[in-house]
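Notes for the structure review
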Amino acid sequence: MTAAIPTIAEAAKLIAAKQLSPVELTQACLDRVRKLDNRLCAFVHLTEKRALAEARAAEAAVMAGGRKGPLHGIPIGLKDIVDTKGIPTTCGSKILQDNIPDDDATCAEKLAHAGTVLIGKTTTHEFADGGPSFDLPKPPARNPWNTDHFTAGSSSGTGAAVAAGLVLGGIGTDTGGSIRGPAALCGIAGIKPTYGLVSRAGVAPAAFSLDHIGPMAWTAEDCALMLQALAGPDPRDPASATQPIPDYTALLGSGIKGLKIGVIHHFHETDCKVSEGTRRGIDAAIATFRELGAEIREAQLSPLQDWQACGSLISITERAAAYDEWAKTRLGDFSGRVQRRLMLGALVSGVDYVQALRRRRELRAELQAAMSGLDVVLTAAAPGEAPKIDNVPIWDLFERPSFTIPFNVSGYPAISICSGYGEGGLPLAIQLVGKPFQEPTLFRVADAFEKATPFRNTRPALVA
Amino acid sequence: MAAEISDEALDFLLARSGLALTPAQKAELKSVYAGIAGMAERVRKPRGHMAELAHVYDFTPADLGEDR
């Protein structure tokens, strides 16, 4: 691992052993923010004073034998659609420029309770939608591997901040791929947990039945440590699941011998062809899993276009309903990209929406059947390396189906992890999908891959 | 679902939605109508009137009188 930027797991061990000061760790993150964020635009609001106070409190507690757990003293960032009491939460929009919430979102509260240190609020696409916009109060985040390139979104700032070591972990939200996309293009790990596992209370909605909250960090192990603090029932979220919470790190290091991994080749070979580098990365990942003792099988689902149509119709409609009032009265205050997305709501009928919900049930049953003899499924996470930031299509939802949306439609957990680097020097990624509430298996497979490959040893050159 | 929409039909939908669009926005929306029509077509399958969704009520102990 890069010595200058520890993972959460590494930092936690050092803090527990009193060999690393949370204050020094926080100071190092803030130094990198000062050095790099004018180029990365990963933060929209810094909470430096609060961070140093929390770090000092963490240090005092650890020294007094009161360490709370592995997140105590760990610097993090929260996507700027997550409510934070007394701290601006703008959702990246002119409309909420002056919004200061009275309460924390449940996920913010849980991370604070675990002892994390809040460095600041990270850049988001406006209301977690639309794409990189240059007509908003703050500029879009840029990819630390090459700042001319896109981070993907909408959790763009968290992706950039984690990759560049401005924080060790952060919160993203995912309605069609907004955790896994930035994780893929920024070369980090990001998990969209099972629907309902992490409370959405206090997080601005994008599309209520597709919205998920989850951790983004340098490794799958770090995501597991964060999910441990985040998961659990919440009476403030009507979709909150009541499943018992397992130990998400329990299976790490136990190997993957005998596990059955299904590969959905047609997603990236037929439905949405990927770059040559991505295809080679997927093939190499399959070979790695085979060497680690997993059984590789073929899996087949309906074409990606079917999942995209279903997810898009649901997303367009639920978003239009959520932002109906502002769309009618303040449409011009949204970015051009979000105005376009909200306009689409006028074209989808109530019958279209219900037909999409019916299709969703069929697609979910199909995935359930496909996974019945498997432990996890492997797919592409993104079509290739990050595009230039000024070359991101406005109407991408009609141009190319997403590899990530099937698992918002189905609610199944899915993680994106780095699977190498392409010809342009930018990260490549794979997506692993688990059965509902089987996140421990997902972390086990992702962690085994990361530890068997060298891709976690390289940080973006601008960090050096 | 037709792949094109007339100006009159688009105006009707926009009036119902309450969105006030510029002529340029209307033209752009009209240009992507086929994309939405294609998606709507994809989710329609011959499934019959009995293939209805379930709705799940998340009853609390208080709803069920179990808190007394």
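Relevant structure appears above.
Conventions adopted
- Residues numbered from 1 in each chain as written.
- Chains lettered and ligands numbered in written order.
- Predicted model: local features only at pLDDT ≥ 70, side-chain atom pairs only at ≥ 80, totals over all residues.
- Helix = DSSP H or I, 4+ residues; strand = E, 2+ residues; numbered from the N terminus.
- Rg over C-alpha atoms; globule rule 2.2 N^0.38 Å.
- Buried ≥ 20, exposed ≤ 12 C-beta atoms within 10 Å, placed from the backbone.
- Contact = placed C-beta atoms within 7 Å.
- Nonpolar A, V, L, I, M, F, W, Y, C, P; charged D, E, K, R; others polar.
- Pairing = 2+ DSSP bridges.
- Axes fitted to C-alpha atoms, helices over the stretch in contact; angles between N-to-C directions.

Below, the discussion takes up the overall build of chain B. Per the secondary structure count, chain B includes three helices and zero strands. A compact globule built from 68 residues would reach a C-alpha radius of gyration of about 11 Å, whereas chain B, at 21 Å, exceeds it by more than 25%. Across its three principal axes, chain B shows a C-alpha extent of roughly 60 × 35 × 15 Å. For chain B, buried positions account for 10% of its 68 residues.

Here the focus is the environment of Lys18 of chain A. Along the polypeptide, Lys18 of chain A turns up in the loop between helix H1 (8-16) and helix H2 (22-40). The contacts of Lys18 of chain A, once residues within four sequence positions are left out, are Val62 and Met63 of chain A.

Before going further, it helps to spend a moment on the interface of chain A and chain B. Each partner contributes to the interface: chain A provides 25 residues, whereas chain B provides 23 residues. Those elements that provide at least two residues to the side of chain A that touches chain B are helix H10 (304-322), helix H11 (324-330), helix H12 (336-344) and helix H13 (350-370) of chain A. Sort the elements by how many residues they give to the side of chain A that touches chain B and H13 of chain A lands first, with seven residues. A class-by-class count of the residues in the side of chain A that touches chain B yields 15 nonpolar, four polar and six charged.

Residue and element names in this part refer to chain A. Strands sit in the order S1-S3-S2-S4-S6-S5-S10-S11-S9-S7-S8 across an open sheet of eleven strands; the sheet is mixed. Strand pairing shows two members of the sheet lacking a second neighbour, strand S1 (43-46) and strand S8 (295-298), which therefore form its edges. This sheet shows a mean twist of 30° between the axes of neighbouring strands, independent of strand direction. Pairing analysis gives two bridges linking strand S5 (residues 189-192) to strand S6 (residues 212-217), with the strands arranged antiparallel. Paired with Gly190 across the strands is Met216, a residue of S6. Most of the contacts of helix H16 (residues 439-452) go to strand S10 (residues 414-421), to which it runs at about 5°, and overall it touches S5, strand S9 (376-380), S10 and strand S11 (427-433).

Turning our eyes to something else, we now look at the environment of Cys107 of chain A. Here Cys107 of chain A lies in helix H4 (residues 106-113). Residues in contact with Cys107 of chain A, not counting those within four places in the same chain, are Val82, Ile171, Val198, Ser199, Val203, Ile213 and Leu230 of chain A.

Turning our attention to the pairing of S10 of chain A. All names here are of chain A. Most of S10 is tucked away: seven of the eight residues are buried. Sheet topology places S5 next to S10; three bridges connect them, and they run antiparallel. In the strand pairing of S10, Lys192 is matched with Ala414. Pairing analysis gives seven bridges linking S10 to S11, with the strands arranged antiparallel. Within S11, the residue paired with Cys418 across the bridge is Ala429.

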